[in-house]
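# Topology and contacts: notes
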Amino acid sequence: AAAAAAAAAAAAAAAAAAAAASAAAAAVQGGMVYSNAVTTVSPTYANEVLNGGAAGWLRSTLTRPEVKNKVRGILNGIDVVEWDPSRDHLLPANFNAQFPDGKAICKKFLQRGLGLDENPDKPVIAVITRLVPQKGIHLIKAALFRCQEKGAQFVLLGSGHCDGEFKAMAEQQFKDHKDIRLLVMYSEALAHQIYAAADIILVPSMFEPCGLTQMIGMRYGAVPVVRKTGGLADTVRDVDSHAAGEGNGYTFDGSDEGSLHSALDRALTHFKDQRSSWAELCATNMNTELSWSRSSADYVALYNSIAMP
């Protein structure tokens with residue numbers, strides 16, 4: 001009798017949860033239909049929602065003409081006060097585009113602190129992320145082994161429900177490795193220090209509505225290598241496919257290891273063979289406008305366009 005009562009209670013709870021989820025879904029769909037505007041956090045993601053597979057179960061709602069015509073993508077910004085290498089109190093040295101020497105100090109500080117080879121000529125490739133399928137777990141692993149093969153340094157900071165394999169590698173294969181450090185954890189202070197030390201920030205997401213990592217990385221003088229999706233496509237322009245001075249990183253389209261290798265290898269070659277050009281690229285990235293000023297102006301313009309007279 002007790003078992004039957006428990007089973008009935010569980011079934012009732014499941015039914016209540018399903019009803020709540022259905023009600024929430026209906027509310028979201030109704031909100032989209034009757035709203036004045038629907039926004040996503042980047043123009044490319046808005047296009048992916050409307051014309052690709054990003055909408056998921058909302059696709060039938062978002063493709064209705066009365067909804068589709070009012071969808072807008074407005075790119076996120078970053079908090080340029082919190083993320084400011086010239087004033088960041090969590091760093092061993094501060095720096096900016098005009099006075100970049102502090103970045104080399106930050107790199108040496110991180111290498112020493114993590115027990116890595118203290119070599120300024122070895123590029124530090126950083127991944128700061130949640131370890132979940134969306135973030136391209138197989139590509140993160142591919143980058144790790146590619147960096148090992150190329151003699152670069154790879155630093156991962158993150159956690160999530162896909163972190164088990166990284167924990168195992170950290171404790172076994174790459175324990176005390178001179179060029180690889182896998183930090184399966186969350187640490188705000190360490191994130192700041194890794195951004196400041198990184199030469200390359202890697203973001204190989206399967207999908208990314210906007211993404212802040214690549215923008216924070218640029219703010220701290222790193223060069224982004226990203227998969228060309230969502231907000232990553234809107235914020236990173238490939239150096240090799242844009243005019244001089246217009247590119248700010250390296251991109252790839254595919255979700256296979258070969259596509260990742262191509263972009264990462266190009267970045268590594270640039271770092272190794274054209275250090276002066278690399279330094280100019282890093283300075284350009286640090287000077288890029290990444291604040292909420294532009295985004296907030298876009299939101300204000302949108303609100304004004306739908307305001308009642």
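Details of the structure are given in the entry above.
The structure presented is a predicted model; accordingly, all values stated were derived computationally and were not measured.

### Quick notes on unusual backbone geometry
Leaving glycine out, the prevailing phi sign among residues is negative, and the prevailing peptide bond configuration is trans. Positive phi, close to 60°, is recorded for D176, a residue that is not glycine. Residue position: D176 is located in the loop between helix 7 (164-171) and strand 5 (180-184).

### Observations regarding the pairing of strand 6 (residues 200-203)
Along strand 6, one buried face is formed by I200 and L202 and the opposite face, lined by I201 and V203, is buried too. Looking at chain direction, strand 3 (residues 124-130) and strand 6 are connected through two bridges and run parallel. Note that in strand 6 the partner of A126 across the bridge is I201. Strand direction decides the pairing type here: strand 6 and strand 7 (residues 223-227), joined by four bridges, are parallel. Pairing of L202 across the sheet is with V225, part of strand 7.

### Considering the pairing of strand 5
Counted residue by residue, strand 5 has four buried out of five residues, so it is predominantly covered. Pairing between strand 4 (residues 153-159) and strand 5: five bridges, direction parallel. Bridge pairing links V155 to R181 in strand 5. Assessed by its sense of winding, the connection that carries the chain from strand 4 through helix 7 to strand 5 is right-handed.

### A word on the sheet that holds strand 6
Pairing is parallel in the open sheet, where six strands are placed in the order 5-4-3-6-7-8. The open sheet has two edge strands, strand 5 and strand 8 (250-252), and neither has a second partner. On average, each strand axis in the sheet is tilted by 15° relative to the strand beside it, whichever way the strands run. Note: strand 3 against strand 4, seven bridges, orientation parallel. When the bridges of strand 4 are listed, V127 appears paired with L156. Along the sheet face, helix 7 touches strand 4 and strand 5 and points at about 135° away from the line of strand 5. Strands strand 6 and strand 7 of the sheet are contacted by helix 12 (residues 275-287), whose axis makes an angle of about 80° with strand 7.

### Side note on the environment of A142
You can see A142 is positioned in helix 6 (residues 137-150). When the C-alpha atoms of A142 and D256 are compared, they prove to be 9.2 Å apart, with 114 residues separating the residues in sequence. Those residues in contact with A142 that sit more than four places away from it in its chain are E257, L260 and H261.

### Comments concerning the nonpolar core
Note that soluble globular proteins tend to have their nonpolar side chains buried in a common cluster. By size, the foremost hydrophobic cluster in this structure holds 33 residues, and its most contacted members are I125, F154, L156 and L182. Among the elements that take part in this core, helix 6 stands out by supplying seven residues, more than any other. In terms of nonpolar packing, the next biggest core, distinct from the first, is built from 32 residues, L75, V155, L157 and Y220 among them.

### Here's the deal with the packing of aromatic side chains
For any pair of aromatic rings, geometry is given as the distance between the ring centres together with the angle between the planes. This model, assessed by the stated rule, comprises seven aromatic pairs. On the basis of an interplanar angle of 80° and a centroid distance of 5.4 Å, the ring pair of W83 and Y195 is categorised as edge-to-face. Here W83, found in the loop between strand 2 (71-73) and helix 5 (101-113), pairs with Y195, found in helix 8 (residues 188-197); they are 112 residues apart in sequence, far enough to count as distant. Across the pair, Y195 and W83 agree in class, each one buried.

### Observations regarding the side chain of R181
With respect to the element layout, R181 can be found in strand 5. Summary of buried charges: R181 has no salt-bridge partner, and the nearest side chain of opposite charge, D176, is 5.7 Å away. Once residues within four sequence positions are removed from consideration, R181 is found in contact with L114, G115, L116, F154, V155, L156, F174 and D176.

### Looking at helix 8
Burial within helix 8 is extensive, with eight of its ten residues counted as buried. Elements in contact with the buried residues of helix 8: helix 5, strand 3, strand 4, strand 5, strand 6 and helix 9 (213-219).

The rules behind each value
- Residues numbered from 1 in each chain as written.
- Predicted model: local features only at pLDDT ≥ 70, side-chain atom pairs only at ≥ 80, totals over all residues.
- Heavy atoms only, no water.
- Helix = DSSP H or I, 4+ residues; strand = E, 2+ residues; numbered from the N terminus.
- Buried < 20%, exposed > 50% of the residue type's maximum accessible area, 1.4 Å probe, protein only.
- Pairing = 2+ DSSP bridges.
- Right-handed = clockwise from strand over helix to strand, strands pointing away.
- Axes fitted to C-alpha atoms, helices over the stretch in contact; angles between N-to-C directions.
- Contact = heavy atoms within 4.5 Å.
- Core = buried A, V, L, I, M, F, W, Y, C linked by side-chain atoms within 4.5 Å.
- Phe/Tyr/Trp six-rings, centres within 6.5 Å; stacked < 30°, edge-to-face > 60°.
- Lys, Arg positive; Asp, Glu negative; His and termini not counted.
- Salt bridge = Lys/Arg side-chain N within 4 Å of Asp/Glu carboxyl O.

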